[in-house]
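Architecture and fold: a report
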Number of protein chains: 2
Amino acid sequence: MPEVPPPAPEGDALLKILTALGNPHRMRIVAALVENRTYVSALAREIGISRPLLHMHLQRLEAAGLVTGTLEAADDGKTVKYYDVTPFVCELTPHTVARAASTLTDVEAGTADRGTGRSDRGAKEEAK
Amino acid sequence: MPEVPPPAPEGDALLKILTALGNPHRMRIVAALVENRTYVSALAREIGISRPLLHMHLQRLEAAGLVTGTLEAADDGKTVKYYDVTPFVCELTPHTVARAASTLTDVEAGTADRGTGRSDRGAKEEAK
DNA sequence: GAGATGTGTCAGAAATCTTTGACAGGTGCC
DNA sequence: GGCACCTGTCAAAGATTTCTGACACATCTC
């Protein structure tokens, strides 16, 4: 397949991190994993949320590269999925954000608008 | 009014910042304001979104303490609202997040659950 | 006064995110 | 086999966020 793998621009990565961390449950999940690594079911009991829900949150965190899950075999042969936190570091300042914003995909604007009639119209046009 | 003003815990503040920054439009708004301060209407034209929408986004950013708006009088007496970016700095690491998570309000859990019957039940109970 | 530009707010549609409650496997132990 | 754990996935309900299209009100210029 001659398909180029997505260049994964800086901006989108930061956006993913921010939306991943911008949720109380997800913050608590990270906090719990910093204390000590565990597997899904135990973690669900610890924070008090259902497993399907935790599963979703973990997926979001993993997609952002903040945690990593590994399927391990416990002593007795049971299959257990342990999660660890990635030692991420992310400086958040106006400059950082601005820099990231410039490499955001989904732009779709670009064309200089003819600012004729004003009124409250939104400036969107193509897109859809 | 003998009401104690909310202590505004660290955790909630960070959460607010993250959810505020975790949005492409809001990131672009910050980026635009870093370049040069402007007023609402001009900014709306610059990024290509409707004014009511921009107004909402700016409110969110201001509530998180990332930007500040000041109502100024232009030379001709027109009232214009200019926005500036706050020089915020925020280190984002597992440790930081964990620390913030411990001071999150909205907890409502706390009681150790008796893990008798298992099945897929969510661990929520009181609340609502 | 009409027209252009600025401010703000509101109700409701549209799109997303969050959450629950099943279901369908696996393995180990009595 | 039956029970207790573990894993995953799905559809649909609920709650939020995002967005649009009016509306109301100011000031300045012609």
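For the structure given in this document, a descriptive report is provided here. (Residues numbered from 1 in each chain as written. Chains lettered and ligands numbered in written order. Predicted model: local features only at pLDDT ≥ 70, side-chain atom pairs only at ≥ 80, totals over all residues. Heavy atoms only, no water.)

With that out of the way, let us pick up the relation of the copies chain B and chain A. After a rotation of 180° and a shift along the axis of 0.0 Å, chain B superposes on chain A with an RMSD of 0.1 Å. Taken together, the rotation and translation relating the two chain copies correspond to the operation of a two-fold axis. Residues of chain B ranked by C-alpha distance from the rotation axis are headed by E91(B), positioned 2.4 Å from it. (Least-squares fit on C-alpha atoms with pLDDT ≥ 70 in both.)

Right, let's talk about the packing of helix α2 (residues 24-35) of chain B against helix α4 (residues 51-63) of chain B for a bit. Residues and elements named next belong to chain B. Axis separation between α2 and α4 bottoms out at 10 Å; the angle between their running directions is 80°. Taken together, α2 and α4 sit at an angle that is classed as roughly perpendicular. Across the interface between the two elements, H25, R26, I29 and V30 of α2 pack against L53, L54, H57, L58, R60 and L61 of α4. Residues that form the contact of α2 with α4 fall into these classes: six nonpolar, two polar and two charged. (Axes fitted to C-alpha atoms, helices over the stretch in contact; angles between N-to-C directions. Helix = DSSP H or I, 4+ residues; strand = E, 2+ residues; numbered from the N terminus. Parallel < 35°, antiparallel > 145°, perpendicular 65-115°, else oblique. Contact = heavy atoms within 4.5 Å. Nonpolar A, V, L, I, M, F, W, Y, C, P; charged D, E, K, R; others polar.)

As a further point, take the interface of chain B and chain A. Many descriptions give the size of an interface as the accessible area lost when the pieces come together. On the chain A side, the residues contacting the 43 residues of chain B number 43 residues. Roughly 3,500 Å² is buried in total at the junction of chain B and chain A, and carbon and sulfur atoms are behind 67% of that figure. Among the residues chain B hides against chain A, the three largest losses belong to M27(B), L92(B) and P94(B). Together they make up 18% of the total. The interface formed by chain B and chain A includes zero salt bridges. Contributing elements (two or more residues each) for the side of chain B that touches chain A: α1 (10-21), α2, β4 (90-92) and α5 (94-101) of chain B. (Buried area = accessible area lost by both parts, 1.4 Å probe. Salt bridge = Lys/Arg side-chain N within 4 Å of Asp/Glu carboxyl O.)

This next bit is on the sheet that holds strand β1 (residues 38-39) of chain A. Two modes of strand pairing occur in sheets, parallel and antiparallel, and in both the strands are linked by backbone hydrogen bonds. All names here are of chain A. As summarised here, the arrangement of the three strands in space is β1-β3-β2, forming an open sheet in which the pairing is antiparallel. Looking at strand neighbours, the two that pair on one side only are β1 and β2 (67-73), the edges of this open sheet. Where β1 meets strand β3 (residues 79-85), two bridges bridge the pair, whose relative direction is antiparallel. Considered in β3, the bridge of Y39 is made with Y82. In this fold helix α2 (residues 24-35) packs onto β1, β2 and β3, with an angle of close to 100° to the strand it touches most, β3. (Pairing = 2+ DSSP bridges.)

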